[in-house]
Amino acid sequence: MFVLREDAAKTTFLGIEFYTFGLYVAVGIALALAALALLMRRAKVKAGTAQLSGLLALACGFVFSRLFFGFMDESLGQTLPLWAMLRVDTGGYSMIGALIGASVGMVISAKITGQHPGRMLDLLVPCLMLFVACERLGERWIEEFGVSRYLSDNLLQGSFLTSEGDFGLRLNTYYLESAVALALAAALYFDLSPQRRPGDTFLKFLLLFGGTQILMESLRYDQHMTVKAYVKLQQVMAMMLMGAGVIALACRCWRKRRGLSLAAFISLPVAVGIGVGIEFMIDRTAVSHYLLYAMFLAVVCVPVALGLMMRKETAKRE
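Below is a short write-up of the structure. (Residues numbered from 1 in each chain as written. Predicted model: local features only at pLDDT ≥ 70, side-chain atom pairs only at ≥ 80, totals over all residues. Heavy atoms only, no water.)

Okay, unusual backbone geometry next. Of note in this structure, Lys44 is not a glycine but carries a positive phi near 55°. Its place among the elements puts Lys44 in the loop between α1 (20–43) and α2 (49–72). At Glu144, a residue that is not glycine, the phi angle is positive and equals roughly 60°. Mapped onto the fold, Glu144 is located in the loop between α5 (117–138) and β3 (147–150). A relative accessible area of 45% means that Glu144 is categorised as partly exposed. (Helix = DSSP H or I, 4+ residues; strand = E, 2+ residues; numbered from the N terminus. Buried < 20%, exposed > 50% of the residue type's maximum accessible area, 1.4 Å probe, protein only.)

As a further point, take the packing of helix α8 (residues 233–253) against helix α10 (residues 289–313). In the contact formed by α8 and α10, the axes pass within 8 Å of each other and the chain directions differ by 35°. Between α8 and α10 lies a crossing of left-handed hand. Touching Gln235, Met242, Val246, Leu249, Ala250, Arg252 and Cys253 of α8 are Phe296, Val300, Pro303, Val304, Gly307, Met310, Arg311 and Glu313, all from α10. Here the contact of α8 with α10 is built from residues that sort into ten nonpolar, two polar and three charged. (Axes fitted to C-alpha atoms, helices over the stretch in contact; angles between N-to-C directions. Left-handed = near helix turned anticlockwise from the far one by under 90°. Contact = heavy atoms within 4.5 Å. Nonpolar A, V, L, I, M, F, W, Y, C, P; charged D, E, K, R; others polar.)

Below, the discussion takes up the pattern of salt bridges. Using the criterion set out here, one finds 14 salt bridges in the structure. Residues Glu135 and Arg136 are paired through a salt bridge, measuring 3.7 Å at the closest nitrogen-oxygen approach. Of the residues examined, Glu135 reaches a relative accessible area of 8% and is grouped as buried. The class of Arg136 is buried, set by a relative accessible area of 2%. Linking Glu279 and Arg149 is a salt bridge whose minimum nitrogen-to-oxygen distance equals 3.9 Å. Taken together, the residues span a long stretch of sequence, with Glu279 in helix α9 (residues 258–284) and Arg149 in strand β3 at a distance of 130 residues. Overall, the relative accessible area of 7% leaves Glu279 in the buried class. Its relative accessible area of 11% is what places Arg149 among the buried residues. (Salt bridge = Lys/Arg side-chain N within 4 Å of Asp/Glu carboxyl O.)

Another aspect to go through is helix α7 (residues 200–219). Between the first and last C-alpha of α7 there are 29 Å, a value that for 20 residues agrees with the 28 Å anticipated at 1.5 Å per step. Counting buried positions over the 20 residues of α7 gives 19, a clear majority of the element. (Expected span 1.5 Å × (residues − 1).)

The pairing of strands in a sheet comes from backbone hydrogen bonds and takes either a parallel or an antiparallel form. Strand order in the open sheet made by the three strands is β3-β5-β4, with antiparallel pairing throughout. Every other strand in the sheet has two partners, leaving β3 and β4 (162–165) as the edge strands with one partner each. Averaged over all adjacent pairs, the angle separating strand axes in this sheet is 35°, with direction ignored. Strand direction decides the pairing type here: β4 and strand β5 (residues 168–172), joined by four bridges, are antiparallel. Across the sheet, the residue bridging to Gly165 is Gly168, located in β5. Sitting on the sheet, helix α6 (residues 173–191) is in contact with β3 and β5, with an inclination near 20° to β5. (Pairing = 2+ DSSP bridges.)

With that settled, consider the nonpolar core. Soluble, globular proteins show a tendency: their nonpolar side chains are buried together. Core analysis: the largest hydrophobic core is formed by 70 residues, its most contacted members being Leu99, Met129, Phe205, Phe209 and Met310. When residues no more than four places from it in sequence are discounted, the contact partners of Met310 are Val246, Leu249, Ala250, Cys253, Leu260, Ser261 and Ala264. (Core = buried A, V, L, I, M, F, W, Y, C linked by side-chain atoms within 4.5 Å.)

The final tally for this structure, using the stated rule, is nine aromatic pairs. Members of the aromatic cluster, joined through ring pairs, are Phe160, Tyr174 and Tyr175. Sitting over the ring of Tyr93, Arg66 keeps its end group 5.4 Å from the ring centre. Directly above the aromatic system of Phe145 lies the positively charged group of Arg220, at a separation of 4.9 Å from the ring centroid. (Phe/Tyr/Trp six-rings, centres within 6.5 Å; stacked < 30°, edge-to-face > 60°. Lys NZ or Arg CZ within 6 Å of the ring centre and 35° of its normal.)

Any link to function would need more than the numbers given here.
Below is the structure:
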């Protein structure tokens, strides 16, 4: 039987005590599975697909989330040994690992049931964003988690977006991430269409979630999944998600709009280079953080916008 950590926020329901954060995760999973079932019913997929897809997405998401954290996080000075990875009750998970794992589970389900993996992934991504929205809200119950650097001014003082730390105000980034996830869930839901090319909504997810999460991970300053106390691995993975979407679309668009595709390819290393420079400036200069993040947003928007343009250019089935 698992023993709950004494320092964690807990909730008691029907005489059972469990982590408050875990409650939010459970609600998020339930919402995601319910939404997936409804979307698959509307899409008239094969009988039993929703149950199999939900099971595989949940199982693969859990495994990938734990493995990504175990093999990559060095916030304690080293990665987790195998015996520590098996102690899943101690915490330590990767959000992007969970989303990648769930996507892998969906592809496996599509292969087993003989359906188009792209179409199944399209149905999955709005549901994943509902899970993310709930999980982010739950992060407020984890001490020193999901918060920003100390703010240099009191512009947001008294707002629910900030909390008081030992040395001043910090931004509660989990509220921003939850709001972004809800907005993406809506955008991806309304993007679904039987006439749309299979996989296009998933590509839009890669562009939008990857792009926004690059900025959100920059705001976070909780040392979760870091190397050498500086490199934020989930920020790197967010860039890889966005980059994967841009590269896939650029390759697809190459014959039809070579100039646009070439611009998209070039925009990725340029965005990475400028983004790394801005990250250094955020920690090492007195330049206004508002200005730096406005610049960061503009830089990230370029490959995302080019990706969306290429997606529109090749929207029709070939």
